[in-house]
Structure formats: structure tokens, C-alpha cells
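A structural walkthrough
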Amino acid sequence: MSQGTDSQTATSRTGTSRAGASVDGWAFEGYEMVVGLEVHVELATATKLFSGSPNRFGDEPNTNIDPVTLGLPGALPVLNRRAVELAMKLGLALNCTVRRSTFARKNYFYPDMPKAYQISQYDEPICVDGWLDLPGGIRVGIERAHLEEDTGKSTHLGGSGGRIHGSDYSLIDFNRAGVPLVEIVSRPDIRTPDQARAYVAELRSILVAVGASDAKMEEGSMRVDANVSVRRPGAEFGTRCEIKNLNSVRSVGRAIEYEAQRQVGMLDAGEAIRQETRHWDENDGRTHTLRSKEDADDYRYFQEPDLVVVDPDPAWIERVRASLPVLPAARRDRLAEATGQPSDAEAVLVVTDRGQDDYVLAVAAAGGDAGRALVHVKEAFAEQGARPSVPAGDLAALTTMEGKGALTATQAKQVLAQLVAAGGGDPEAIAAAKGFEAMDTGELERMVDDAIAAQPDAWAKFCGGEGKAMGALVGAVMKASRGQADGKAVTRLLESRRTAG
Amino acid sequence: MAGTDSTTHDADGRGLPTAAVDIAWNVRNGVISAVDVIERHLGEIERREGEVHAFNLVLGDQARTRAAEIDTGVAAGDDMGPLAGVPVALKDNMCTRGIPTTCSSKILDGWTPPYDATVVSRLHDAGAVVIGKTNLDEFAMGSSTENSAFGATRNPHDTSRVPGGSSGGSAAAVAAGFAPLSLGSDTGGSIRQPAALCGVVGVKPTYGAVSRLGLVAFASSLDQIGPFANDVADAALLLEAISGHDPGDSTSIAGGPLHVGNELDWGVTGLRVGRITDLPAGASADVVARLEESFDALRDAGAEIVDVEVPAFTYGLSAYYLIAPAEASSNLARYDGVRFGLRVEAPDTNAMYAATRTAGFGAEVKRRIMLGTYALSAGYYDAYYGRALKVRRRIAADFAAAYERADVLLTPASPTVAFHLGDKTSDPMSMYLCDTYTIPSNLTGDPGMSVPFGTGDDGLPVGIQVLAPALQEGVMFRTAAELERRAPR
Amino acid sequence: MSDRITPEAVAKVAKLARLSLNDGELATATHQLSDMLDHFADIDALDLDGVEPMTHPTPIANVMRDDVEQLCLDRDEVLAAAPVAEDGRFRVPPIIGLDS
Ligand SMILES: [Mg+2]
Ligand SMILES: [Zn+2]
């Protein structure tokens, strides 16, 4: 049930939501998978983590550069307060403790890493020990969330074209270098591909809700790595492999599914799993060895002498906590309560993700039927933002008419379509204009009697207990009423005629 | 009016004031012309730079243009600042926009920074005239200025000897009269030791008192820019002009410029001057004799001489030569042939890195990069780098204790007077020992300065180091001024 | 001569630092680094348990800048100083055998 496409997952969780709700574990030949996710998100700041050049996607190559970004001799980093605040914000939203933190240098040579070291929080991250509750009630622990700088972008040219191997040369653009990232590291609490997808989707909604990031996987502002291992339930953790290049919620699910089965296959064949970094290939649907632990670099971490301790005082932390909006989970519960739906119901998840939950509550506040409003908003407001053009009062009036049986479901849909098209209006008037005035029972009874008179044998079969004979009679009434009759009312009349007769 | 006519001096500028304080006052008030001052110093460079080689680059034309600008400003009635018309030489590891900055390394040969170091902007705002970029040990790694890709600098007092290092070019420039003021950088003694060997004043301010923005990093937690001058008053003038908080340097100390100049004549009566009883051995007899005389001189001036112990002093060298190379190995990783400077082509990027760095760095730089990489590498961090950081804390604690009992401490700035070129090049350790007495204040962040105090063997200058607690430059300068007044002639 | 560091270790360090050493240079470097490490071994005698490592000379905290755009460098000026540039970007040889 969870085939969200890349574009869908970027805009809504359609297709991944119910996956998150599923608690039934993944099992393959008696093994369970153990998954932890490392998610990198680009923070929505105006400037870079350590310098004043713009943090902007899609500009001309090497236009957002300064001495710090390029790692020029003599350049010095100065920390962006807004980036720290956003990191604190999302840490608090993930129930983390915000602590005294420091920056370290991770030393390695790579052409898109200007200084040949990445400034990253290492042994003293700013956020630790939190958790994320998935819709459906599974809790995934958050080990840490730390600040670090992004790298530049390499484009590989010539040779086999576009791929790093066999390319003739590479071109480097440093616009992205120094863009603030938060790396969110989960505990190995994930047990199914559905949970992994739900974790990513839920994390994304939180990031967007607190304004920390636009979290667009297709633009690379949210990037996921997965640590996957398998084990017999209850046994020790197995050897894990880190999977890189997961560019959509969908590939997260596919990749860990494939990787877990690959590992089970190796174990069944009596082979040992090698700890390594593997690359997910979206095209062939497999993971491939990138590098093994043996040839892993020696990063020589040490504390960054050019930066000082970040030690937020309690007052600052509380100010940030106070600035948090109502988080998606709480908003879903609120909507669920108002509509009488379970909080992980598809409609609740989708409408909350679109930010239309407040609108549904407004409809209820205007005296409308929240349950009906939820369905209408999910079905008819997909193109609308958090503030639909249809005034809440108008939708409320519509749901009230439905409640009174004044409109059939078909008619209600047509009126709603008209409201959406016109950006509001009086449902009563629209219904009238469409000639939807509910016919009085007298007229309906006459139509029913006409139908009985016109089809005596159908009536006899019906009275003889042949339920399906009723179809012909109802059909006749519908025909006579040009589809405006209320099916339920017609059935009720036929039943009463039979018991009476 | 730029009144050159109001003073009398010949074509070579003889007759013009020589002290920076006097030059600035006279230019600022239109008594003498900044152009005449520059011509005088360019003349000195013309005469002796060939044998001294203090400069990587002399900025004759830029300096003339800038000097004319100053004179015009003065004539227009503008206040051109506390360093109006004063020629200043810059160590060639400070970024100057559009002007080559090489660190005396092949790997940066021909690179021109697109921005100015903060000290360079401050010199400009103060009305100074940058006269050239001075030679140094490559990336400031050395104590003799022999490790330069562009040839050694020689000591103006005896050109068969070294000027010390790594700021040897800046020290020699002042000693030779090429400029009344210069800036150097001091990571383990690179201002104070060459100042001592060249017989000039050299100051390593409190870490964070002068911005490091635009100073090409050697060891970030130790580097500090400071002045060279012919006397204590001129050093104070330059320090006041370049110090003060810079939001562009996260380690810059909050607060305005240091004020030291007005304390110079206060004397040392009642001041507690510490003699370190467990000072590491190694100083030659002539230097030790001058140190004893310096204590006597201050006692005569009314100071109280107190004995203090600094047990961890002796571990400074080891801690320093693990910490500084470790930071350097990371700071110098950016010289990779991708974005600026030298590139030696190779079939793939990884090979290009090695080809470029192997060809671009000199032997001493490679040695320290390897030492530092080792000290940080997996399995050795705790035994070397981690341990050195704890020793550093211990040294800071011992000095803090000593400063409970003394206001300032005196030591030699250098174990010996200037040595001959080549004396120590074959044995790196012997060169490292030159820093024995200067290193601790880089580790602690406290200020230190070298002031000339008589001569030693072969009539060569000896420098006494005055050490003080963080941000106590005032009392440090006061003490240095008293030593200057009482120096043996 | 001291053997505090092996030629193998020196070779590994040189590789990490992207420096090439021929056999002679490797021998010299091994010798010199060993001598230095011998010298620096005096700190091994110190009891440093519970001593807090000192990474910065001055205990400053929370130095941050406002999230405000500053002027960028001119791309042409920067690329003119680059060893090799191509359509607005820095050009490098094929990237192989590198940990990204
Ligand atoms: Mg990671
Ligand atoms: Zn990361």
C-alpha cells in the first residue's frame, strides 16, 4: 500500500502514511531487519553556516562564494546564530536535550571540500537523546542532531558521462559549500521498510512545520543514509552496512528491503557480512560496494581552534522552545478528535500534511460537520494550500444541508465543485440554481407507487423476498426523478409498502 | 600645506625624524611630507636590501602613491591618523588585496589575495604606508628565516648570521632602517626571538588582542600578530593601532584597542618582578649575564625581585611541537592545487594532490605536517596530541600561580645571540630549542615582548623577554620601557 | 638511532598528508621524527589524570553572527587565480580512489 512516487513524497505523504501506521513487522526467512537512519537536512537560513554569502539553491555556479567558503588562506569562520537556533528548534521538536557543544575538524581530501576538512560537531553535538513517534505509535529514538557544513558540488564529465568512474575530469561549484546542515542520527529502532518511510515522512513534516528546512529530497536539501543489518529476533545486532544515495522516500524503502534480503541471503549461504558503505542504484534496484571499512580514511578529528564553545543558556533554550508551533502529531490528534477518525487515518494524515487541518476545525467551529468537512477537504482541496479559497462558513453550510438529507451525496459533490470553482458561495442558492431542491415525500411516494404499478411482477418478486428485484423498482424511481431522488429514502418507502401490504 | 620646507633635510632624507612617533606627529601636522619619509626609507632599502634580503616584495610605487595621498589629505586639513605617513613592513603571511602574499612558499607563489587582513585595513585607517612584504620561514615554520623558498634573510648587525625567525624579514627591516615599524606573527616566539637577535623591540600580544583574520594560519590556537619597532614607544603606537575586537575573528577578545603608550613613563617602583628559579637551562653565559643585570636594573629602579617557580615551563617545548604541527597539518591541507596557488598536473586528482604538495612545500613544512598528522592519527591521538593539550593546561596553571606572586616575569628571549647561517639547518631539534623561552606564552595566550638589553658575544644584541598575564600589556610595556632606559650602552 | 616511529608508520602518515617520499626521504623522515618523539617523551612522565585538555588559550563562548548576507567575491577574479577553470567552475583531473 505504499508506492509513493518521488514527486508525491516531496509534496505529501500520500502512499507512505498508512505504511507508517502498520505495526506488522518485516520478516524474511526468520530474520528481522535492524535499521538506523542518518538524515542530513539543509537549514533554511539566508546565509552559510560560517560566512555571509547566500544559502541559495540553483544560482549560477561559484557566485555565492567568499574567502571562508573557498577556504582561502587567512579566512576565518564565524558561526551563524540563526543556524544554531534552527538546530535547537528541530532538536526540541524531536524531544532532544540541547547541550553545550563544540565544533571539530574532520580532515580528508576531496576536491569539493575546500579546506580539506569539514567543520562538524563530533563528540559534543548540540542536540542529544530524543525520539520521534511515528503515526501508528512506533517510537524511534534520536541519538543526536548536530551542526555541520555542506560540501560543494562536483560534476563528472567526459568518458562514460555523468558517472564518477571513467570520467575524464570534474568541475567543482562551491555555491553549496558551507551551507548549514543538521545531521539527525536515529537509533537502530526501525524494523520495517514501512517504518523507515514513515520516519522520513514524519521527520520531513516536522522540519517543515518548525521552519528548519524545506526538506526537498529531490533538490537534495534532505538526504538519507541507512545503516542496515539483519538478525534472528532477539539476537545480537548483526554487522551493518551503510547505504548511501537514497534520493526519495520510495528508494529508502526499496533500498533497505533489498539490502536486508541480500544480507539474509549471505547468512543463509554461510557467508559473513562485511561492514562497508554501499551505494543504492535506483536503476538496477541493487546496492553496490562503495568502500569497505578497511580502506576507510583516518579523519584525525580535533577541536576546531578557530571557533569557540556554543553554550546556550536556559533562557535562550526556553525562548526557542516557546517559539515551537503545534507539531504534526498533535495537530493530527486534534483533527482526529474533532472528526471522530483515528489519528493515523489516511484523510487525517493527508489533510494535516497539507496544513488544512486548521481549516477543517474552522468549518466545525462555523457549525459544520467536521467529519464530512474532512472528507470534502481531502477529496476536493488537494490543489488548495493551508488557506483554502472557500470560506469555512460556506463549507459548513454545505455539510449542514447534507446532514439534513437536503442533498444527496452526488448533489453535494456538484455543489462543492461549484464552491471550489467560484471560491465560495451560498450552497442553498447553488443547489436551488441546479434544481436540487429536495423533493417533498409526497412527490416521492407518488413516484414509488407509479413504479410499483408499472412493474407488478418485480413488485411480486420483491414481496416474495427477492431482494434484487428491488433494483428495478428503485431504478424506475431514479429515472423518473432524473437521478435527484435519495436512494435510501426510496428503499425505505418500498420496505414500508411491503410490510404494509 | 605639506611643509617640507619647514624642516631641513638633505636629498637622502637625513634630518628627517626616524622614530615612528615623531614621523607620525610631524606628517599629521604637516611639518614634514610623507613622500619625503617614504623616499628616505626606499633609499635605505636601495642601499642595503641586496645584502640583507628582508623583503619578498618592495612596494615602491604603491607606497609613493599612498604617501602622496596622505600629504594631500593633510594639506586639505584632514586628520590622517596616528600612523600618518609612517612606513610599515608586513610579514608576507598577511593577506593584502591585489598584492602577492606568498608565506615564502612555492605553493603560494604568484597568489594575490582578493581581500585585506584586518590588520592591513587598520594600518590603512591609521594613515600608515605599507612599504613591502617581508621574508619569513615558509609558513612561519622556523627560527632563522633560512626556510624560505626565496632565500634566507640576513642579520643587519652581521650578514653572516641569521636574523632569527620566523619573522626574520620584519625584524631585519626595522633593524636595517628600511622601515621604522613592521608587523610579524608569533606562534612560538617568531616575533620575540628575531627581535632579540636583531636588537629591536618585538611584541607578542595577548592571544585574541589582535585579529587573526587574514593572517595565513600556521597554528590557529597559538598564532598572534604583533609589532616590531626600534623602541618601546614606537611598538606601543603600532600595537594600539592594530589591536581591538574584530567580529571577523571568533577568538578575538571583546573590547577596544589596548592602551599602553601612556604608562611608559610610570616606572616600576613597587612592581613585583619574578625570577623563575626553575627556568629551563640552555641559555649561553653572555645571555644569562644580561638577564642578571636586567634584574639588578629593575631593582635599582625600585622594583621588588621575587623568586617564583614554574615547574611545567620545561614541558612547553614538547607540548608545543605536538600541538602546533597538529593544527598546522590541518591548516595546510587546503593547499591542494584546486582553487588557488601551485598545481602540478597528474592523471587523477589524488595524484595531483601529492604532486602539488610534494613540489610546493619545503622540507621543514613537510616535516611538521607529518609530525602533526601522526600526532592526530588513529591510535596516537591520546598519547601525543591529547596529552600535549593536558600539559598545556598544566603550564597555564603554573603561570597563573606565578602571577599570584609576581606582576611580570623576566627570561631570555633567545638562548643565544644571532648564530651563523647553516649552524642549525642540519638538525631540526637544535633549531626548535631556540623557542624554549618564548613558547610558553603562546600555549597560555599571555603576552610577552623582547626588549634589547646590551650585547653579548661578538657585540651582538641580547633581548630580555618580559612576560605578563593576559591583557596586562600595560605593566609589560612599563617594565620594558624601564629596561630600555637602563640598558647598558 | 631511536625507533619510536617505524618507516611504515611514516609512509602511512605521508600518504594521509598527500606527500610523496622517496626511499631516502622516508629514511631521513623516520630518523628525524623518531628523534623528535624521543625529545617530546619527557611529558610521558607527567601524571595528567583528571587534567582538562586546553584547546583554546581564552575561554570565550557563544560568538555568533547575524544571519545577514555579505558581499560575495567576484567569480571572474577568483577563477582567474585558479590553476584551471572551465565554464564558471574549478576543473580537476578525474576523481578516483578518494573517500567522499
Ligand atoms: Mg554520518
Ligand atoms: Zn554528516
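These numbers come from a predicted model, not from an experiment. (Residues numbered from 1 in each chain as written. Chains lettered and ligands numbered in written order. Predicted model: local features only at pLDDT ≥ 70, side-chain atom pairs only at ≥ 80, totals over all residues. Heavy atoms only, no water.)

**A closer look at the overall build of chain B**
Counting its secondary structure elements, chain B contains 15 helices and 11 strands. For 489 residues, the compact-globule estimate of 2.2 N^0.38 gives 23 Å, and chain B sits close to it at 22 Å. By the burial criterion, 67% of the 489 residues in chain B qualify as buried. The long-range fraction of contacts in chain B, counting pairs at least 24 apart against all pairs at least 6 apart in sequence, stands at 76%. Carbon and sulfur atoms provide 51% of the accessible area of chain B, an area that totals close to 14,100 Å². (Helix = DSSP H or I, 4+ residues; strand = E, 2+ residues; numbered from the N terminus. Rg over C-alpha atoms; globule rule 2.2 N^0.38 Å. Buried < 20%, exposed > 50% of the residue type's maximum accessible area, 1.4 Å probe, protein only. Contact = heavy atoms within 4.5 Å. Areas by Shrake-Rupley, 256 points an atom, 1.4 Å probe, with all protein chains shown as cover.)

**Here we look at the coordination of the magnesium ion (ligand 1)**
Residues and elements named next belong to chain A. Around the magnesium ion (ligand 1), the protein contributes the donor atoms E38 (OE) and E183 (OE), which lie 2.5 to 2.7 Å from the metal centre. A gap of 4.1 Å separates the magnesium ion (ligand 1) and the zinc ion (ligand 2), which E183 links by coordinating each metal. Of the two residues, E38 sits in strand β1 (residues 32–42) while E183 sits in strand β10 (residues 180–186), which places them 145 residues apart along the sequence. In this structure, E38 and E183 share a single accessibility class: buried. (Donors = N, O, S within 2.8 Å, 3.2 Å for Na, K, Ca; no water.)

**Side note on the coordination of the zinc ion (ligand 2)**
All names here are of chain A. Taken together, the protein donors to the zinc ion (ligand 2) comprise H40 (NE2), E148 (OE) and E183 (OE), at separations of 2.0 to 2.2 Å. We classify E148 as buried; its relative accessible area is 4%. With a relative accessible area of 9%, E183 lands in the buried category.

**Quick notes on empty space enclosed by the protein**
One water molecule sets the probe size; rolling that probe over the atoms shows where empty space is left. Residue and element names in this part refer to chain A. Taken as a whole and assessed by the stated rule, the structure comprises 8 cavities of 30 Å³ or more. Taken as a whole, the largest cavity encloses approximately 80 Å³ of empty space. Looking at the largest cavity, the residues that line it are K48, F50, S51, V68, T69, M113, P114, K115, E149, D150, A177 and G178. In the lining of the largest cavity, the residues fall into 5 nonpolar, 3 polar and 4 charged. (1 Å grid on protein atoms, 1.4 Å probe; cavity = no way out; pocket = protein on both sides within 12 Å on 5 of 7 lines; lining within 4 Å. Points joined across faces, edges and corners; volume = space filled by probe spheres on them. Nonpolar A, V, L, I, M, F, W, Y, C, P; charged D, E, K, R; others polar.)

**Observations regarding the pairing of strand β14 (residues 286–292) of chain A**
Residues and elements named next belong to chain A. Of the strand pairs in this sheet, strand β13 (residues 276–281) and β14 are connected by 6 bridges, and their pairing is antiparallel. Across the sheet, residue W280 finds its bridge partner in β14, namely T287. If you look at the hairpin formed by β13 and β14, you'll find 4 residues sitting between the two strands, and G285 has a positive phi there, around 60°. (Pairing = 2+ DSSP bridges.)

**Looking at the packing of aromatic side chains**
Inspection of the entire model under this criterion finds 26 aromatic pairs over all chains. With a centroid separation of 5.5 Å and 80° between ring planes, the pair formed by A:F50 and A:F103 is classed as edge-to-face. Of this pair, A:F50 sits in the loop between β1 and α3 (67–70) while A:F103 sits in the loop between β3 (97–98) and β4 (104–107), and the two are 53 residues apart along the sequence. A relative accessible area of 3% places A:F50 in the buried class. The interplanar angle of 65° and the centroid separation of 5.3 Å between the aromatic rings of B:Y381 and B:Y385 together place this pair among those described as edge-to-face. For B:Y381, a relative accessible area of 26% corresponds to the partly exposed category. Among the aromatic side chains, those forming a connected cluster through ring pairs are B:W111, B:F139, B:Y335, B:F340 and B:F361. The ring of A:Y299 carries the charged tip of A:K106 above its face, separated from the ring centre by 4.4 Å. The lysine or arginine in question, A:R498, covers the ring of A:F462, its NZ or CZ lying 4.4 Å from the ring centre. (Phe/Tyr/Trp six-rings, centres within 6.5 Å; stacked < 30°, edge-to-face > 60°. Lys NZ or Arg CZ within 6 Å of the ring centre and 35° of its normal.)

**Some points on the sheet that holds strand β3 (residues 129–134) of chain B**
Hydrogen bonds along the backbone pair up the strands of a sheet, which may run parallel or antiparallel. Residue and element names in this part refer to chain B. With mixed pairing, the 11 strands of this open sheet are ordered in space as β1-β3-β2-β4-β6-β5-β10-β11-β9-β7-β8. In this open sheet, the two strands that pair with only one neighbour each are β1 (55–58) and β8 (304–308). Neighbour-to-neighbour, the strand axes of the sheet open up by a mean angle of 30°, direction not taken into account. Of the pairings in the sheet, the one linking strand β7 (residues 272–276) to strand β9 (residues 408–412) comprises 3 bridges and is parallel in character. From the neighbouring strand, V273 faces β9, where its bridge partner is V408. Along the sheet, helix α15 (residues 473–486) makes contact with β5 (201–204), β9, β10 (448–455) and β11 (461–467), crossing β10 at roughly 5°. (Axes fitted to C-alpha atoms, helices over the stretch in contact; angles between N-to-C directions.)

**A short note on the interface of chain A and chain C**
Each side of the interface is counted separately: chain A has 59 residues, and chain C has 34 residues. Where chain A touches chain C, the interface holds 4 salt bridges. At 5 residues, strand β9 (residues 169–173) of chain A tops the list of elements feeding residues into the side of chain A that touches chain C. Among the residues forming the side of chain A that touches chain C, the class breakdown is 30 nonpolar, 15 polar and 14 charged. In this structure, β9(A) lies alongside strand β3 (residues 89–92) of chain C, joined through 3 bridges in antiparallel fashion. Bridged to A:L171 within β3(C) is C:R91. (Salt bridge = Lys/Arg side-chain N within 4 Å of Asp/Glu carboxyl O.)

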